[in-house]
Amino acid sequence: MFDIRKIQENIIYEAVRAESNEDIANEVVYGKDNMSKAENNSDWVKSSMIRLENNFETETIKKIRMNCQCGYEMDEKIALVMELKSDSSNIEEFANAEKAKEAGLFCKDGELFLQFDFCPCPMLAEVDKLETNTWCQCTTGYSKVLFEKAFDCDIDVELLKSIKMGDDICLMKIILHNPVWQ
């Protein structure tokens, strides 16, 4: 059976361990004395992010969470972005395609944005509200991987809004550094 919690625990564990060690990874993911195993998904999301925030500085937290992206349907998304890219010669044409708009992409003042009208994360389905955007940084990691593969360049992604933090949409700014168009 597909267990999203177990998948997330493993991904977060490995990302934290890569930046620290097994003891801190265990503490972040499972809590002291494995107390988090009794928590429901909503409580676990919140408590594991508090433990992460208590152990690392902001930039390291973002790096860890960006490395936690699940890669769900990544191949399909890359194929779509590659198709959109092949039919355009600049960012405005790319974002103005009907399929781009349907996927939540748009361009404003020459900058690319990705917007969702719903929270796409299954782990947050039962979470009413998050106090910080720590959990949501995984989606910036997902977007970074997606657009770097499609545009063959370095990408920065900035999370601007999050539904689970009380915003009306999820919104990211996708910053392409010297994208390859052809």
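Above: the structure in question.
Because the structure is a prediction, the values reported are computed rather than measured. (Residues numbered from 1 in each chain as written. Predicted model: local features only at pLDDT ≥ 70, side-chain atom pairs only at ≥ 80, totals over all residues. Heavy atoms only, no water.)

A. Just the layout of surface pockets, in detail. Of the pockets and cavities examined, the largest pocket occupies roughly 880 Å³. Phe116, Pro120, Cys121, Thr139 and Tyr142 are the residues nearest the centre of the largest pocket, which is lined by 41 residues in total. It is helix α8 (residues 137-151) that contributes the most residues to the lining of the largest pocket, six residues altogether. The class makeup of the residues in the lining of the largest pocket is 28 nonpolar, seven polar and six charged. Around the second largest pocket sit Val45, Lys46, Met49, Ile50, Glu53, Lys129, Leu130, Glu131, Thr132 and Trp135, which together line it. Counted by class, the lining of the second largest pocket contains five nonpolar, one polar and four charged residues. (1 Å grid on protein atoms, 1.4 Å probe; cavity = no way out; pocket = protein on both sides within 12 Å on 5 of 7 lines; lining within 4 Å. Points joined across faces, edges and corners; volume = space filled by probe spheres on them. Helix = DSSP H or I, 4+ residues; strand = E, 2+ residues; numbered from the N terminus. Nonpolar A, V, L, I, M, F, W, Y, C, P; charged D, E, K, R; others polar.)

B. Broad picture of the sheet that holds strand β1 (residues 105-108). Reading across the sheet, the four strands line up as β1-β2-β4-β3 and stay open at both edges, with antiparallel pairing between neighbours. This sheet does not close on itself; its edge strands, each paired only once, are β1 and β3 (154-161). For this sheet, the mean inter-axis angle between neighbouring strands, taken without regard to orientation, is 30°. With five bridges joining them, strand β2 (residues 111-116) and strand β4 (residues 170-177) adopt antiparallel strand pairing. (Pairing = 2+ DSSP bridges. Axes fitted to C-alpha atoms, helices over the stretch in contact; angles between N-to-C directions.)

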